[in-house]
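Residue strings, one per chain:
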Amino acid sequence: MKRLVAAITTVKERVKFCTVCGNVTEQELCNICRDPRRDPSVICVVEESKDVLAVERTRSFRGRYHVLGGAINPIAGIGPEQLRIRELLTRLNDGAIQEIIIATDPNLEGEATATYLARMLKSIGITVTRLASGLPVGGDLEYADEVTLGRAFEGRRNALM
Ligand SMILES: [Zn+2]
């Protein structure tokens, strides 16, 4: 029992969230934010860190990420203020970002979040795209297979069309 508690404590102390994108990391910045080869002009917005892994598996995306920490869900009391949206807006300030790809889960909460973000970002004048359909509706992004998710990336469309 003591060893288990110690192990959990170590994990809790080591696991942090990237100060830029919100992905889980053991350092100040995650591997992707530290990688100079990643395109800083495109950001893929996902709900959770596990979605970063799902998108990485497709090898279709060479930009960077922003992890929201969930999706808008009024029943559970989660509104835009509870997500890392303010942090996303801060990142947009430096002018390097040209496109935001919204890759929230293909379910009700994910859709609500995507619509909210698309409307908000449109007013700033940044290209906002969403993954193409073909993802299983009602599902979780992380369960989509690499080929389907990769195709959804390549066929992304304007978010407000
Ligand atoms: Zn990061």
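Let me sum up the structure you'll find in this document. Since the model is a prediction, treat every value here as computed from it, not as a measurement.

Here we look at the state of the cysteines
Step number 1: Per the stated rule, a full pass over the model turns up zero disulfides.
Step number 2: In this structure cysteine 44 is a free cysteine whose sulfur lies 11 Å from that of cysteine 21, the closest cysteine sulfur available.
Step number 3: Overall, the relative accessible area of 0% leaves cysteine 44 in the buried class.

Structural notes on the packing of aromatic side chains
One pair of aromatic rings is described through two measures. These are the centre distance and the angle between the planes.
Step number 1: In the structure shown here, the tally under the stated rule is one aromatic pair.
Step number 2: Consider the rings of phenylalanine 61 and tyrosine 65, whose centres lie 5.2 Å apart with planes at 70°: the pair is edge-to-face. Each member of the pair, phenylalanine 61 as well as tyrosine 65, is classed as buried.

Regarding the coordination of the zinc ion
Step number 1: Surrounding the zinc ion are the protein donor atoms Cys18 (SG), Cys21 (SG), Cys30 (SG) and Cys33 (SG), at 2.3 Å.
Step number 2: In this structure, the zinc ion is coordinated by four donor atoms arranged in tetrahedral fashion, with angles at the metal of 102 to 117°.
Step number 3: In the primary sequence, the donor residues of the zinc ion line up as C-x2-C-x8-C-x2-C. Of this pair, cysteine 18 sits in the loop between β1 (16–17) and β2 (24–25) while cysteine 30 sits in the loop between β2 and α2 (31–34), placing them twelve residues apart in sequence.

Quick notes on the nonpolar core
Inside soluble globular proteins, nonpolar side chains tend to come together where they are buried.
Step number 1: In this structure, Val46, Val55, Phe61 and Leu131 are the most contacted members of the largest nonpolar core, which totals 22 residues.
Step number 2: Among the elements of the structure, α2, β3 (42–46), α3 (49–58), β4 (64–67) and α6 (146–154) are those that each provide at least two residues to this core.
Step number 3: Sequence-distant contacts of valine 55, that is, excluding residues within four places in its chain, are made with Val46, Phe61, Tyr65, Leu141, Leu149 and Phe153.
Step number 4: Core analysis: the second largest hydrophobic core is formed by 19 residues, Leu68, Ile72, Ile97 and Leu117 among them.

About the thresholds
Residues numbered from 1 in each chain as written. Predicted model: local features only at pLDDT ≥ 70, side-chain atom pairs only at ≥ 80, totals over all residues. Heavy atoms only, no water. Disulfide = S-S within 2.5 Å. Buried < 20%, exposed > 50% of the residue type's maximum accessible area, 1.4 Å probe, protein only. Phe/Tyr/Trp six-rings, centres within 6.5 Å; stacked < 30°, edge-to-face > 60°. Donors = N, O, S within 2.8 Å, 3.2 Å for Na, K, Ca; no water. Tetrahedral: all angles 85-135°; square planar, octahedral: opposite > 155°, others 65-115°. Helix = DSSP H or I, 4+ residues; strand = E, 2+ residues; numbered from the N terminus. Core = buried A, V, L, I, M, F, W, Y, C linked by side-chain atoms within 4.5 Å. Contact = heavy atoms within 4.5 Å.

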